[in-house]
Amino acid sequence: MSLHVVIGAGPVGSATAQLLAARGDRVRLITRSGSGPGHPLVERIAADATDAAVLSRHCAGAGVVFQCAQPPYHRWITDFPPLAAAALHAAEATGAGLLSVGNLYGYGQVDGPITERQPLRPNSEKGRVRAELWGQAHAAHEAGRIRTAEVRGSDYLGAGAKSVFTAIALPALLAGRRVLFPADLDAAHSWTDVGDTARTLVAVADDENAWGRAWHTPTAPPMSIRELAELAATVAGASSARVRRMPAAMLWAAGLFDPDARELPELRYQFDRPFVIDSSAATAEFGIEPTPTADALRATIAAFRAEPAPH
């Protein structure tokens, strides 16, 4: 029975832990609070994953460390580096492979579909951090210090997914209100299912030839915000979607009170023009077909409706 460590019990971390446990692997799931899905093979541990010594102790004996945690969105620049550094240290100290969840920010603005072969040329601070973290891990791999790979997806859908769409559009859609969204409403955009990212992580972990590079999560064909909102309304059985572009001044005003909204302007390039992922390499290598967007939305909406109402 293999042992693996999963850092973070967000949507991807929880899905990854459940996949591993379902096939009979033991999992140590590390979060600050000790939270996560219940399963006889999942050992939930409360620990600070930025403490390299503590993390290394918990990773002893593990075959693979899945780094699925991420800090609050507005603290990526300060909080991501120590989290990644501790995971890298733990992998080097224990001999475990290091598999990290990445995203597309590091590529910067790209003309045409984004492939893994394109260089990392970030045009945002968040993208710079993401690119630097992968660069450090990959350099350690090339030097023979660790084995590593990274799985990257676009904006998430699926159970528990957190994205601009789930934060801004979905609550309004389900309440029958007009949606104001900061984007070109008809630009093509890729939406990745969280469960598909978990499946890709596990597939990479199992394939010795898959290490040392980045992989894009198999992702369904792109949909514009307008198309996605209309499909979400249909799936939810809600009234027809009414979508309008959010004025820039309104987004700026939201940033005065919401730290996450304050982070969005530097990433507007992803929504003001086509932002499409090419994930054909992972589908060809691992045989993973992406979850249809309607099914991903169905899981997104079910989980959203199951959340406790705010007080």
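Placed above this text is the structure.
Quick caveat: nothing in here was measured; it's all calculated off a predicted structure. (Residues numbered from 1 in each chain as written. Predicted model: local features only at pLDDT ≥ 70, side-chain atom pairs only at ≥ 80, totals over all residues. Heavy atoms only, no water.)

Engineer: Explanation requested: the sheet that holds strand β5 (residues 97-103) in the structure shown.
Structural biologist: Pairing between sheet strands relies on hydrogen bonds along the backbone, with the strands arranged either parallel or antiparallel. Spatially, the seven strands line up as an open sheet ordered β3-β2-β1-β4-β5-β6-β10, and their pairing is parallel. The strands lining the two open edges of the sheet, one partner per strand, are β3 (42-46) and β10 (214-216). Going from strand to strand, the sheet's axes swing by 20° on average, the running direction of each strand aside. For strand β2 (residues 26-31) and β3, the ladder comprises five bridges, and the chain directions are parallel. Note that in β3 the partner of Leu29 across the bridge is Arg44. Strands β1 (3-7), β2, β3, β4 (64-67) and β5 of the sheet are contacted by helix α1 (residues 11-22), whose axis makes an angle of about 165° with β1. The strands that helix α6 (residues 194-206) touches are β4, β5, β6 (148-153) and β10; relative to β5, the one it contacts most, it runs at about 150°. (Pairing = 2+ DSSP bridges. Helix = DSSP H or I, 4+ residues; strand = E, 2+ residues; numbered from the N terminus. Axes fitted to C-alpha atoms, helices over the stretch in contact; angles between N-to-C directions. Contact = heavy atoms within 4.5 Å.)

Engineer: How should I be thinking about the side chain of Ser14 in this particular structure?
Structural biologist: Residue placement: Ser14 occurs in helix α1. The exposure class assigned to Ser14 is buried, which follows from its relative accessible area of 14%. Setting aside residues no more than four positions away along its own chain, Ser14 makes contact with Gly8, Ala9 and Pro37. (Buried < 20%, exposed > 50% of the residue type's maximum accessible area, 1.4 Å probe, protein only.)

Engineer: Teacher, can you tell me more about the environment of Phe275 here?
Structural biologist: Looking at where Phe275 falls in the secondary structure, it is placed in the loop between α9 (259-262) and α10 (280-286). Sequence-distant contacts of Phe275, defined by excluding residues within four places in its chain, comprise Leu104, Ile114, Ser154, Ala188, His189, Ser190, Tyr269 and Gln270.

Engineer: Explain the pairing of β2 here, please?
Structural biologist: Regular strands have side chains that alternate between both faces of the sheet. The buried count for β2 comes to five of six residues, which makes it a mostly enclosed element. Where β1 lies against β2, five bridges are found, and the strand directions are parallel. Among the inter-strand pairings, Leu3 is bridged to a residue of β2, identified as Arg26. After leaving β1, the chain enters α1 and then returns to the sheet as β2, a path that is right-handed. (Right-handed = clockwise from strand over helix to strand, strands pointing away.)

Engineer: Is there a simple way to explain the nonpolar core in this structure?
Structural biologist: Nonpolar side chains in soluble globular proteins generally cluster together in the buried interior. Counting residues in each nonpolar core, the largest one holds 65 residues, and the members touching the most others are Ile7, Leu55, Phe165, Leu173, Phe181 and Ile225. For this core, the secondary-structure elements that each account for two or more residues are β1, α2 (52-59), α3 (76-94), α4 (125-142), α5 (164-174), β8 (179-181), α7 (225-236) and α11 (293-306). Looking at this core, the element that brings in the most residues is α3, giving nine residues. In this structure Phe181 touches Val164, Phe165, Ile168, Ala169, Ile225, Arg244, Arg245, Met246 and Phe271, once residues within four positions along its chain are discounted. Counting 29 residues, the second-largest nonpolar core is a separate cluster that includes Ala21, Val151, Ala161 and Leu201. (Core = buried A, V, L, I, M, F, W, Y, C linked by side-chain atoms within 4.5 Å.)

Engineer: Can you help me understand α2 in this one?
Structural biologist: What sets the pattern is the α-helix's 3.6 residues per turn: residues three or four places apart point alike. The complete set of buried residues in α2 reads Val54, Leu55, Ser56 and Cys59. Gly61 sits one or two residues past α2 and shows a positive phi near 85°.

Engineer: Help me out: how do you make sense of the state of the cysteines in this one?
Structural biologist: Disulfides are covalent bonds that link the sulfur atoms of two cysteine residues. Under the counting rule described, the total for this entry stands at zero disulfides. Take Cys59: it sits in no disulfide, and the sulfur closest to it among the cysteines is that of Cys68, at 12 Å. Among the residues examined, Cys68 registers a relative accessible area of 13% and is labelled buried. (Disulfide = S-S within 2.5 Å.)

Engineer: Got a minute to help me understand the packing of α3 against α4 in this structure?
Structural biologist: Each packed pair of helices is defined by two parameters, the angle between the axes and the distance between the axes. Running from N to C, α3 and α4 point in directions that differ by 10°, and their axes come no closer than 10 Å. One way to sum up the angle between α3 and α4 is to call them roughly parallel. In the crossing of α3 with α4, the sense of the turn from one axis to the other is right-handed. Together, Trp76, Ile77, Phe80, Pro81, Ala84 and Leu88 of α3 and Glu125, Lys126, Arg128, Val129, Arg130, Leu133, Gln136, Ala137 and Ala140 of α4 make up the contact between the two elements. The class makeup of the residues in the contact of α3 with α4 is ten nonpolar, one polar and four charged. (Parallel < 35°, antiparallel > 145°, perpendicular 65-115°, else oblique. Left-handed = near helix turned anticlockwise from the far one by under 90°. Nonpolar A, V, L, I, M, F, W, Y, C, P; charged D, E, K, R; others polar.)

Engineer: Just checking my understanding: could you explain empty space enclosed by the protein for this structure?
Structural biologist: Where empty space is left becomes clear once a probe the size of a water molecule has been rolled over the atoms. A complete count under the given rule lists six cavities of 30 Å³ or more for this structure. Taken as a whole, the largest cavity holds about 180 Å³ of empty space. Looking at the lining of the largest cavity, the elements with two or more residues in it are α3, β5 and α4. Among the residues forming the lining of the largest cavity, the class breakdown is ten nonpolar, three polar and two charged. (1 Å grid on protein atoms, 1.4 Å probe; cavity = no way out; pocket = protein on both sides within 12 Å on 5 of 7 lines; lining within 4 Å. Points joined across faces, edges and corners; volume = space filled by probe spheres on them.)

Engineer: Explain the packing of aromatic side chains to me, please; I cannot follow it from the model alone.
Structural biologist: The geometry of two aromatic rings is summed up by the distance between their centres and the angle between their planes. Counted by the stated rule, this structure contains seven aromatic pairs. Each residue in the set Tyr73, Trp76, Phe80 and Tyr105 is aromatic and connected to the rest through ring pairs, giving one cluster. (Phe/Tyr/Trp six-rings, centres within 6.5 Å; stacked < 30°, edge-to-face > 60°.)

Engineer: How should I be thinking about the pairing of β5 in this particular structure?
Structural biologist: Taken across its seven residues, β5 has seven buried, putting it largely inside the fold. Across four bridges, the pairing between β4 and β5 is parallel. Looking at the pairing, Val64 lines up with Gly97 of β5. The parallel pair β4 and β5, bridged by α3, forms a crossover whose chirality is right-handed. Bridge count between β5 and β6: six bridges; the pairing is parallel. In the sheet register, Leu99 faces β6, and the bridge partner there is Ala149. A crossover links β5 with its parallel partner β6, the connecting element being α4, and its sense is right-handed.

The values reported here are purely geometric and, on their own, carry no functional implication.
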